[in-house]
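Structure assessment
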Amino acid sequence: ISDNEVLVHVKATGLCGTDSHIFAGNMTVSTPLIMGHEICGEICEVGADFTDLSCGMKVAIDPNISCGSCFYCRRGEVHLCPNLEAVGVTRHGGFTEYVRVPRPNVFVLPNQLSCREGAMVEPVSCCLHGIDRAGIKAGDVVTILGGGAIGLILAQLASISGASQVFISEPDESRQQVAGNLGLCNVLNPEHISTEVLQQTKEGADIVIEAAGNKSAARQSFDLARRGGTILFFGVCPESVTIPVAPFSVYEKELTIKGCFLNPFTTERAVQLVAKRRIEIDRLITHE
């Protein structure tokens, strides 16, 4: 490691949808590459520049490394940095025993957190950015398309952000069961979600979050949003996927359409939420 880096002995690394996209060839990366960016481990070596860290500390890692000097970084939009590097995406990641990361990307975890939970800090931080982008207000109706780990984290965050109702669209029965165990009751198959949301709300959802990363869910988002509503594209569709959008519908319904990319300045908040058990993480882990 260099003087400004930390060497981490990896204890747990989450398998992300992004990893699946990379493995399938739907995202362009330079190879050879050791993937894995949802990382928790223990510090085993500290660069000479730092005295605030010591060996044995349990840490989570923010994998995204910005340059700090470009147009976007100087505007506080570090996630849009054109020189962005990412542990497990552009440099070797956590599917190995040891990983080196810059000091600013290391976040110390309290001892009561398991390494399984610590590995989930990174996806929680990304979901927090999505919730910030969605702009949920107390009393809003939120519909989330996709009930995987990301969708269920988003649903829990939407609830604690003040949503009066959270609908989840998910066809897989095992995921539906996990959602029910988390106390999320409005879990519906995609073919029923539009009818049910309209029946219960009369107008549609205030916020629709596409978290499935597929073409049908992306298109369905426009049918679920009420007039004046917001659509947030969170799921990672393959780069080649496109959907038809009627500009008149966006104009006439006065829709707000947003994207959500990475996790700028949300990792510390994610650590606090996970450490305080404000959201349920452990039940989302299906295999190890």
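Quick summary incoming for the structure in this document. Predicted model only: the values in this text are computed from it and were never measured.

About the cut-offs
Residues numbered from 1 in each chain as written. Predicted model: local features only at pLDDT ≥ 70, side-chain atom pairs only at ≥ 80, totals over all residues. Heavy atoms only, no water. Pairing = 2+ DSSP bridges. Helix = DSSP H or I, 4+ residues; strand = E, 2+ residues; numbered from the N terminus. Axes fitted to C-alpha atoms, helices over the stretch in contact; angles between N-to-C directions. Contact = heavy atoms within 4.5 Å. Salt bridge = Lys/Arg side-chain N within 4 Å of Asp/Glu carboxyl O. Buried < 20%, exposed > 50% of the residue type's maximum accessible area, 1.4 Å probe, protein only. Lys, Arg positive; Asp, Glu negative; His and termini not counted. Polar contact = N/O pair within 3.5 Å; in protein donor to acceptor, adjacent residues only side chain to side chain. Right-handed = clockwise from strand over helix to strand, strands pointing away.

This part takes up the sheet that holds strand β12 (residues 225-233). The six strands lie next to each other as β10-β9-β8-β11-β12-β13, forming an open sheet whose pairing is parallel. The sheet is open, and its two edges are formed by β10 (186-188) and β13 (256-259), each paired on a single side. Each adjacent strand pair in this sheet contributes to an overall mean axis angle of 15°, direction not counted. Where β12 lies against β13, four bridges are found, and the strand directions are parallel. Paired with L232 across the bridge in β13 is K258. The strands that helix α3 (residues 121-134) touches are β11 (205-210), β12 and β13; relative to β12, the one it contacts most, it runs at about 155°. Each of β8 (141-145), β9 (165-169), β10 and β11 is contacted by helix α6 (residues 190-201), which is oriented at about 160° to β9, the strand it contacts most.

Between side chains of opposite charge, a pair can form as their charged atoms come close. On inspection of all chains with the given rule, the structure shows 11 salt bridges. The partner of R91 in a salt bridge is E5, and the shortest N-O contact between them spans 3.3 Å. Here R91, found in the loop between β5 (85-86) and β6 (98-102), pairs with E5, found in strand β1 (residues 5-14); they are 86 residues apart in sequence, far enough to count as distant. In terms of burial, R91 and E5 fall into one category: buried. Beyond isolated ion pairs, a larger network of salt bridges with shared partners links E5, R91 and R100.

Here we come to the side chain of K253. Inspection of the secondary structure puts K253 in helix α8 (residues 247-253). Here K253 is buried and forms no salt bridge, its nearest opposite-charge partner D223 lying at an N-O distance of 6.5 Å. One polar contact links the side chain of K253 to the main-chain carbonyl oxygen of F222, over a distance of 3.2 Å. Once residues within four sequence positions are removed from consideration, K253 is found in contact with F222, A225, R226, R227 and G228.

Pairing geometry for β11 and β12, over five bridges, is parallel. Bridge pairing in β12 links A205 to A225. Note on the crossover from β11 through helix α7 (residues 215-224) to β12: the handedness is right-handed.

The subject of this paragraph is the sheet that holds strand β7 (residues 106-108). Ordered in space as β6-β1-β2-β3-β7, the five strands form an open sheet in which the pairing is antiparallel. The sheet terminates laterally at β6 and β7, the two strands that pair on one side only. Going from strand to strand, the sheet's axes swing by 45° on average, the running direction of each strand aside. As paired strands, β1 and strand β2 (residues 38-46) are joined by eight bridges and run antiparallel to one another. Within β2, the residue paired with T13 across the bridge is I39.

Structural measurements only, silent on function.
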